[in-house]
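Structure assessment
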Amino acid sequence: MDSKATVQALMDSVQRGDFDRAKTLLSDDFRLTGLARRPISGKTWLKMSASMKMAFAGLNYHFNVGSADGDIVNSTMQMSGNNRGAFDLTSINMGVISATHKDFSTARENNTITVRDEKVSSWVVEPTEGAGLAAILKQLGVKPPTV
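Throughout what follows, the structure given in this document is the object of discussion. (Residues numbered from 1 in each chain as written. Predicted model: local features only at pLDDT ≥ 70, side-chain atom pairs only at ≥ 80, totals over all residues. Heavy atoms only, no water.)

Two elements in contact, helix α1 (residues 3-16) and helix α3 (residues 42-55), have axes separated by 9 Å at closest approach and are oriented at 40°. Between α1 and α3, the interaxial angle falls into the category oblique. Counted together, Leu10, Val14, Gln15 and Arg16 of α1 and Trp45, Ser49 and Lys53 of α3 form the full contact between these two elements. When the residues that make up the contact of α1 with α3 are grouped by side-chain class, the tally is three nonpolar, two polar and two charged. (Axes fitted to C-alpha atoms, helices over the stretch in contact; angles between N-to-C directions. Helix = DSSP H or I, 4+ residues; strand = E, 2+ residues; numbered from the N terminus. Parallel < 35°, antiparallel > 145°, perpendicular 65-115°, else oblique. Contact = heavy atoms within 4.5 Å. Nonpolar A, V, L, I, M, F, W, Y, C, P; charged D, E, K, R; others polar.)

Below is the structure:
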């Protein structure tokens, strides 16, 4: 599988909620940076993604795989959904957020994803105004705790 196909398979698995499949597409040392204050592991990211799938009705990542240069793949993501259940962020020390029954839609953000040996090893989210976890929480009317 080439790098773009690997990234697309990962994104499709996350969108479907097939986290067992998604786990097989991440390297053991996978790190996601730019989502939270510190880089997070694949295990933490998948746990957060599973919590989002449970907490948000109609969750859509609007993933789009763009260009690739060898093992580096550029993509975009623009999330939307409706908060119908508890959102568990204990894995990043933010507790559990009760359902707000509010819709959210973030700005589109750019990502740079690295593939190594047919597994995603790094995902870097470019800081974007109106995107990411902080934007979701703001639209839900939730003030993130200070750490």
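The next subject is the nonpolar core. Counting residues in hydrophobic clusters, the biggest one holds 41 residues, and the most contacted among them are Leu10, Trp45, Phe56, Leu89 and Trp123. Excluding residues within four positions of it along the chain, Phe56 makes contact with Asn82, Asn83, Phe87, Phe104, Ile136 and Leu140. (Core = buried A, V, L, I, M, F, W, Y, C linked by side-chain atoms within 4.5 Å. Buried < 20%, exposed > 50% of the residue type's maximum accessible area, 1.4 Å probe, protein only.)

Turning our eyes to something else, we now look at α1. Taking 1.5 Å per residue, 14 residues should reach 20 Å; α1 reaches 20 Å between its end C-alpha atoms and fits that length. Those residues of α1 lying buried are Ser3, Thr6, Val7, Ala9, Leu10, Met11, Ser13 and Val14. Taking the backbone nitrogen of Lys4 as reference, a side-chain oxygen 3.3 Å away marks Asp2 as the first, capping residue of α1. Gly17 lies just past α1 and shows a positive phi near 85°. (Expected span 1.5 Å × (residues − 1). Polar contact = N/O pair within 3.5 Å; in protein donor to acceptor, adjacent residues only side chain to side chain.)

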